[in-house]
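Secondary and tertiary structure notes
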Amino acid sequence: GHLTPRAMADIVTQLQDSVNEINGLFYNTAGVLQRDARPASTKDGELGDDLPEGGVDEKQIAEFATAVVASSRKIDALASALPEVELDTEAQLERIRALQRENDELEKELADELRRADDMLTRVTAAFEAATDAALVSDDDPKKDAS
């Protein structure tokens with residue numbers, strides 16, 4: 001379906017938040033590994049698969065992996081909710097022309113509305129000036145005091 005600009009902006013904002021979240025997960029995971037990991041064991045010059053005692057354990061590794069995968073899935077879901085991007089040059093140019101036409105129509109509507117508002121302001125100002133002139137003339141009318 002077609003997304004409104006606001007809905008698309010909401011998804012993009014959620015995507016930004018999710019990318020920041022996964023970035024934080026990677027940052028924290030790297031920090032914990034740097035802080036807690038112990039040197040890997042070697043046997044005949046080859047790295048061993050066993051985790052050294054007192055370092056990062058299987059539970060921590062599983063928690064990190066689960067959090068990263070969940071965050072990654074959230075990003076995938078949000079990204080797939082966005083409309084497909086048309087990569088065809090002609091389709092892009094037609095979309096630009098359509099947006100330009102829409103912009104021109106809105107610009108004309110805005111100019112018309114501005115002209116109407118300007119006309120209204122002119123009439124209101126004239127009416128206000130006429131009313132204040134009438135009020136000032138009647139207050140200053142010397143014939144009124146003489147009678």
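Predicted, not measured: the structure shown is a model, and the values here were computed from it. As a convention, each chain's residues are numbered from 1 in the sequence order in which they are written. Totals for whole chains, interfaces and linings use all residues, but because this is a predicted model, local features are given only for residues with pLDDT of at least 70 and pairs of side-chain atoms are given and counted only at 80 or more. In computing side-chain properties, one takes all heavy atoms of the structure into account and sets aside hydrogens as well as water.

A few points about the overall build of the chain
To qualify as a helix, a DSSP run of H or I must reach at least 4 residues; to qualify as a strand, a run of E must reach at least 2; elements of each kind are numbered from the N terminus. Of the regular secondary structure elements, the chain holds four helices and two strands. Taken from N to C terminus, the helices and strands of the chain fall in the order α-β-β-α-α-α. Here the chain has a C-alpha radius of gyration of 35 Å; the compact-globule value for 147 residues is 15 Å, and the former is much larger. Each principal axis of the C-alpha distribution contributes one length, and for the chain these read about 125 × 50 × 25 Å. Classification of the 147 residues of the chain by burial places 10% in the buried group. Method for areas: the Shrake-Rupley scheme with a 1.4 Å probe, in which residue coverage is limited to the protein chains shown. In the form shown here, the chain has an accessible surface area of approximately 12,300 Å², with 58% of it arising from carbon and sulfur atoms. Charged side chains in the chain number 16 positive and 33 negative. The centres of these two groups are separated by 3 Å. Here the globule rule is a power law, 2.2 Å times the number of residues to the power 0.38, and the radius of gyration is based on C-alpha atoms. Accessibility here uses a 1.4 Å probe with only protein chains present; expressed as a share of the type maximum, an area under 20% marks a residue as buried, one over 50% as exposed, and anything in between as partly exposed. Residues scored as charged are limited to Lys and Arg (positive) and Asp and Glu (negative), so that His and the chain ends carry no count. A single reference atom marks each charge: NZ on Lys, CZ on Arg, CG on Asp, CD on Glu.

Notes on helix 1 (residues 5–36)
By this rule, a helix spans an expected 1.5 Å times one less than how many residues it contains. Between its first and last C-alpha atoms helix 1 spans 46 Å; for 32 residues at 1.5 Å apiece the expected length is 46 Å, and the two agree. All buried positions along helix 1 are accounted for by Ile11, Leu15, Ser18, Ile22, Thr29, Val32 and Asp36. The elements touched by buried residues of helix 1 are helix 2 (58–81). We call two residues contacting when some pair of their heavy atoms lies within 4.5 Å.

Examining the packing of helix 1 against helix 2
Viewed as axis vectors pointing N to C, helix 1 and helix 2 meet at an angle of 165°, and their least axial separation amounts to 9 Å. Classified by the angle between their axes, helix 1 and helix 2 sit roughly antiparallel to one another. As helix 1 runs across helix 2, the sense of the crossing is left-handed. Two secondary-structure elements touch here, helix 1 through Ile11, Gln14, Leu15, Ser18, Val19, Glu21, Ile22, Leu25, Phe26, Thr29, Val32 and Asp36 and helix 2 through Gln60, Phe64, Ala67, Val68, Ser71, Ser72, Lys74, Ile75, Leu78, Ala79 and Ala81. Just so you know the grouping, Ala, Val, Leu, Ile, Met, Phe, Trp, Tyr, Cys and Pro go in nonpolar, Asp, Glu, Lys and Arg go in charged, and all remaining residues, Gly too, go in polar. Grouping the constituent residues of the contact of helix 1 with helix 2 by class yields 14 nonpolar, six polar and three charged. Here the axes come from fitting lines to C-alpha atoms, over the contacting stretch only for helices, and the angles between their N-to-C directions go from 0 to 180 degrees. Relative orientations are named as follows: roughly parallel for angles under 35 degrees, roughly antiparallel for angles over 145 degrees, roughly perpendicular for angles from 65 to 115 degrees, and oblique for any other angle. Take the far helix as the reference: if the near one is turned anticlockwise from it by less than a right angle, the crossing is left-handed, and if turned clockwise, right-handed.

Regarding the nonpolar core
Nine residue types can take part in a nonpolar core, namely buried Ala, Val, Leu, Ile, Met, Phe, Trp, Tyr and Cys, and a core is a set of them joined through side-chain atoms within 4.5 Å. Among the nonpolar cores identified, the biggest contains seven residues, and these are Leu3, Ile11, Leu15, Ile22, Val68, Ile75 and Leu78. Those elements giving two or more residues to this core turn out to be helix 1 and helix 2. Other than its neighbours up to four places away in sequence, Ile22 contacts Val68, Ser71, Ser72 and Ile75.

Concerning unusual backbone geometry
Notably, Asp44 is not glycine yet its phi reads approximately 55°, a positive angle. With respect to the helices and strands, Asp44 occurs in the loop between strand 1 (42–43) and strand 2 (46–47).

With respect to the side chain of Ser71
Note on placement: Ser71 falls in helix 2. With relative accessibility at 1%, the residue Ser71 sits in the buried group.

Here's the deal with the confidence of the model for the chain
In predicted models, pLDDT denotes the confidence assigned by the predictor to each residue on a 0 to 100 scale. Overall, the predicted model of the chain reaches an average pLDDT of 87, with 94% of residues at or above 70. Within the chain, helix 2 carries the highest mean pLDDT (93), whereas helix 4 (residues 142–146) carries the lowest (57).

Overview of the pattern of salt bridges
Side chains carrying opposite charge are able to pair once their charged atoms draw close together. A pairing counts as a salt bridge when a side-chain nitrogen of Lys or Arg comes within 4 Å of a carboxyl oxygen of Asp or Glu. Scanning the model with the defined rule gives nine salt bridges in all. As a salt-bridge pair, Glu63 and Lys59 come within 3.2 Å of each other at their nearest N and O atoms. With a gap of four residues between them, Glu63 and Lys59 both fall in helix 2, about one helical turn apart. A relative accessible area of 43% means that Glu63 is categorised as partly exposed. For Asp112, the salt bridge identified is with Lys108, shortest N-O distance 3.3 Å. Within this pair, Asp112 and its partner Lys108 are both found in helix 3 (residues 89–140), separated by four residues, close to a single helical turn. Classification of Asp112 as partly exposed rests on a relative accessible area of 23%.

Thoughts on a negative patch on the surface
Any residue with relative accessible area above 30% and no salt bridge may belong to a patch, with like charges joined within 9 Å and the nonpolar Val, Leu, Ile, Met, Phe, Trp and Tyr side chains within 5 Å. A surface patch of negative charge is lined by Glu102, Asp104, Glu105, Glu107 and Glu109. With respect to the helices, strands and loops of the structure, Glu109 is situated in helix 3.

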